[in-house]
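Spelled out from the first residue to the last, the chains are:
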Amino acid sequence: MTASIDGPTPGFLVWRLSMKWRVAIDRALAPLGLTHAQYSLVASLQGMEHAGTRPSQRALADHTGLEPLYVSKLARSLEAAGLVERAADPSDSRAVRLSLTGEGRAATDRAVAVVRELVDGLLAPLGGLDGPATEAFTEALRALLDVPVPPVTVSREEQP
C-alpha cells in the first residue's frame, strides 16, 4: 500500500521547523555570546548537574544528540570562554567530565530565560509552553525520537 501525501511531507515540516527554531534561537542568544549548539550543551549540562550528575562528554553527546567530536569541540570553546570545566575522569582515563563554572551557571541561567520566552512565543499557536496542545505535541515528538533509526544496508549491486 502506498500512502500519498498532498503538500509538504512530515519529514520536510520537521526539517523546516527545526531550521526555523535553530535560526531564531541563534539570533536570540547572539547578544549573550552563545550559539544554539553551545546553548544545547550548557543547558543540558545544567539539567544533568541539577539531577546530581557530572556527565562525561560522551554522556552529554548521547543526551543532546550531538556527535561526540562536536561536543568535544564545543566543550573546548566553552572552557576557553570560562563557562565550562573539563576534567579527566578518575575512573576512566579516556573520559572527560564536564561541569559548569560559576560564570557558566550565570550565563546559562540568562540563556535559559531568553530561550524559554522565545519558545513560549513560538508555541503560541499551541497555547504557549503550558498549553494542552503543546503537551500533546511534546508527547508526539518524544514518540518519534524514541523510534530507533534503522541501520543503512547497501546491497552488493548498489556498491561502487
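Residues numbered from 1 in each chain as written. Predicted model: local features only at pLDDT ≥ 70, side-chain atom pairs only at ≥ 80, totals over all residues. Heavy atoms only, no water.

A. Main features of the confidence of the model for the chain. When pLDDT is averaged across the chain, the result is 92; 94% of the residues are at 70 or more. Confidence scores differ between elements of the chain, with strand β2 (residues 92–100) showing the lowest mean pLDDT of 91 and helix α5 (residues 102–122) the highest of 97. (pLDDT = per-residue confidence, 0-100. Helix = DSSP H or I, 4+ residues; strand = E, 2+ residues; numbered from the N terminus.)

B. A look at the nonpolar core. With 26 residues, the main nonpolar core has Leu29, Leu41, Leu60, Leu78 and Val84 as its most contacted residues. When residues of this core are assigned to their parent elements, the largest contribution, seven residues, is made by helix α2 (residues 36–50). (Core = buried A, V, L, I, M, F, W, Y, C linked by side-chain atoms within 4.5 Å. Buried < 20%, exposed > 50% of the residue type's maximum accessible area, 1.4 Å probe, protein only.)

C. Examining the environment of alanine 51 more closely. With respect to the element layout, alanine 51 can be found in the loop between α2 and α3 (57–64). Residue alanine 51 is classed as exposed on the basis of its relative accessible area of 62%. For the pair alanine 51 and arginine 97, spaced 46 residues apart in sequence, the C-alpha separation works out to 15 Å.

D. Representation of the packing of α2 against α5. At their nearest, the axes of α2 and α5 sit 10 Å apart, and the two run at 110 degrees to each other. When the interaxial angle is binned, α2 and α5 end up roughly perpendicular. Residue-level inspection shows Tyr39, Val42, Ala43, Gln46 and Glu49 of α2 in contact with α5, the latter providing Arg105, Thr108, Asp109, Ala111, Val112 and Val115. Split by residue class, the contact of α2 with α5 holds six nonpolar, two polar and three charged. (Axes fitted to C-alpha atoms, helices over the stretch in contact; angles between N-to-C directions. Parallel < 35°, antiparallel > 145°, perpendicular 65-115°, else oblique. Contact = heavy atoms within 4.5 Å. Nonpolar A, V, L, I, M, F, W, Y, C, P; charged D, E, K, R; others polar.)

E. Main features of the packing of α2 against α3. Here α2 crosses α3 at 105 degrees, and the two axes come no closer than 10 Å. In terms of orientation, α2 and α3 fall into the roughly perpendicular class. Facing α2, whose interface residues are Ser40, Leu41, Ser44, Leu45 and Met48, α3 presents Ala59, Leu60, His63 and Thr64. Of the residues that constitute the contact of α2 with α3, the class distribution is five nonpolar, four polar and no charged.

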